[in-house]
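Listed below, chain by chain, are the residues.
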Amino acid sequence: MPESRRRWTIMVFMAGDNGKLFDSPGGKRLLLTPMERAGRGDLAEMESVGSNDDVAVLAQFDTLSGDGGCSRIFVRPGGAESQVEPIAEQNTGDPCSLRDFIVWGVRRCPADRYAVVLWNHGAGWKDDDIYAFARRGSVDVKAGQSELRSAGEGGRLASALFLTSALRVVGLESADDRAICYDDSSMDFLDNVELQRAFREAQAQTGRTIDLIGMDACLMSMVEVVYQLRDHAQCVVASQEVEPLAGWPYAEILRGLARDPAIGPGELAQLIVRAYVRSLDDGTRGGGMRVTQSAIRVAGIEPLARAIGEVAAALTRLRADDDLYARRAFDRASQRALRFADADYVDLYDFLSILRDEYDGRDAGLQGGLERALGLLDAQGEQALIAANAVAGDRLERARGLSIYLPQGGCSQFYATLDFAAHGWGELISLKS
């Protein structure tokens, strides 16, 4: 029987089935940092605050350990022991698992507003199949051994919550090779198209749009990712850079929401951004790392995509005409723009502003598109695209909230599967070399 209606229901989809050692010609290999311990720590943070009459806190936690399995959890009020409901072992790479959790959460704890947090490994829009070698039974791991070794020995990559494409050991194999919410036991993962499908089907079954989608994750604050979710949330909260294993400060976030449960999606998004960076910058939760967190109002992503499309169309046309001004400006912006742990991702505002400043030509299409895009990214107030943006650490002061794919090598052939590709960015970056 559903409980009385609350102001907010927070649902955390915890894909913690990671840390398995896989056989390879070079011996046992760890692909992804184990997540179970970090997940139990985050659950403890949630339990320290718990649910109340206005805010329900739910989680689904899939683990690797033999006795862990998968459970759905209602975090009870007042520090009482959580209500744990064991369910069948889940493949968190199956969109049906995420869809069914959202549907369960909406029906279990009806509320005025809903937030869904994706908690696991991922890599921005990139969806490389890191399990391909295990399915084939063999792989040449020379290119990935040093990165895998550093992950296993506690190096910088091991501290990332969403490990990046630095851990790739094979190339993309098919249009289905996409990755977020990795599940080592199933050797599966959600691609960005499947992520969209999970939210679409949950919305169809419940009749409710999710108000806030959070990604306790690395590198997910990208125009491509937000655009993929444009019909399924009011706000998206994510990081442009890698996250430490400590991830989000759930206790602080839930305390803030408990103090003011009437806040809307934009205000909750801003609360998360501030709490996250503050909790890491003050050293209380493993501070000292360079971190980012951004809150994006999804209503502004379509106008931004159109403006980027104008820029892409103008640059594609000018570069085809071998326009020296456009080529030089593009090359300089590509070289100077802020890049992240995955060097194929650049800060969108930084790239566009350098491009504008370096372009000495007079093409009205390019100039107009740049001004429109930068204006949307720079807008302030309640309707601004970037509802909040916070950074900690040197170099990242140029991070303005959204990244975009600008590969240093060739463009992935699978970029065209993303909805955002319809705006011409893939065509432009395919020509860049």
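These lines cover the structure that appears in this document, whether it is placed above or below. (Residues numbered from 1 in each chain as written. Predicted model: local features only at pLDDT ≥ 70, side-chain atom pairs only at ≥ 80, totals over all residues. Heavy atoms only, no water.)

### So, the packing of aromatic side chains
Here's step 1: Under the counting rule described, the total for this entry stands at eight aromatic pairs.
Here's step 2: Between W248 and Y250, the aromatic rings sit 6.1 Å apart at their centres with planes inclined by 35°, giving tilted as the arrangement. You'll find W248 and Y250 in the same group, each marked buried.
Here's step 3: Measuring from ring centre to ring centre gives 5.8 Å for F330 and F351, while their planes differ by 85°; the resulting arrangement is edge-to-face. A residue pair is termed long-range when its members are at least 10 positions apart, and F330 in helix α10 (residues 324-336) and F351 in helix α11 (residues 348-358) qualify at 21 residues.
Here's step 4: Judged by its relative accessible area of 0%, F351 falls in the buried class.
Here's step 5: Each member of the aromatic cluster is reached from another via a ring pair, and the members are F13, F101 and W104.
Here's step 6: If you follow R230 out to its NZ or CZ, it ends over the ring of Y227, 4.1 Å from the centre.
Here's step 7: If you follow R400 out to its NZ or CZ, it ends over the ring of Y349, 3.9 Å from the centre. (Phe/Tyr/Trp six-rings, centres within 6.5 Å; stacked < 30°, edge-to-face > 60°. Buried < 20%, exposed > 50% of the residue type's maximum accessible area, 1.4 Å probe, protein only. Helix = DSSP H or I, 4+ residues; strand = E, 2+ residues; numbered from the N terminus. Lys NZ or Arg CZ within 6 Å of the ring centre and 35° of its normal.)

### Let's talk about the pairing of strand β9 (residues 235-238)
Walk down a regular strand and you will see the side chains alternate between the two sheet faces.
Here's step 1: Side chains C235 and V237 of β9 all project onto a buried face; the interleaved residues V236 and A238 project onto the opposite face, where all are buried too.
Here's step 2: Running through helix α6 (residues 223-228), the crossover from strand β8 (residues 212-216) to the neighbouring parallel element β9 is right-handed.
Here's step 3: Note: β9 against strand β10 (residues 291-297), four bridges, orientation antiparallel. Bridge assignment links C235 to a residue of β10, and that residue is R297. (Right-handed = clockwise from strand over helix to strand, strands pointing away. Pairing = 2+ DSSP bridges.)

### Describing the environment of R255
Here's step 1: Residue position: R255 is located in helix α7 (residues 250-259).
Here's step 2: The sequence separation of R255 and S48 amounts to 207 residues, and the corresponding C-alpha distance is 9.4 Å.

### Some words on the pattern of salt bridges
Here's step 1: Summed over the entire model, instances satisfying the criterion amount to 18 salt bridges.
Here's step 2: Linking R99 and E201 is a salt bridge whose minimum nitrogen-to-oxygen distance equals 2.9 Å. Residue R99 is located in helix α2 (residues 95-108), and its partner E201 is located in helix α5 (residues 192-206); the two are separated by 102 residues in the primary sequence.
Here's step 3: Between E358 and R336 there is a salt bridge whose closest N-O contact spans 2.7 Å. With E358 in helix α11 and R336 in helix α10, this residue pair connects regions lying 22 residues apart in the sequence.
Here's step 4: One connected set of salt bridges, linked through shared partners, spans R99, D100, R197 and E201. (Salt bridge = Lys/Arg side-chain N within 4 Å of Asp/Glu carboxyl O.)

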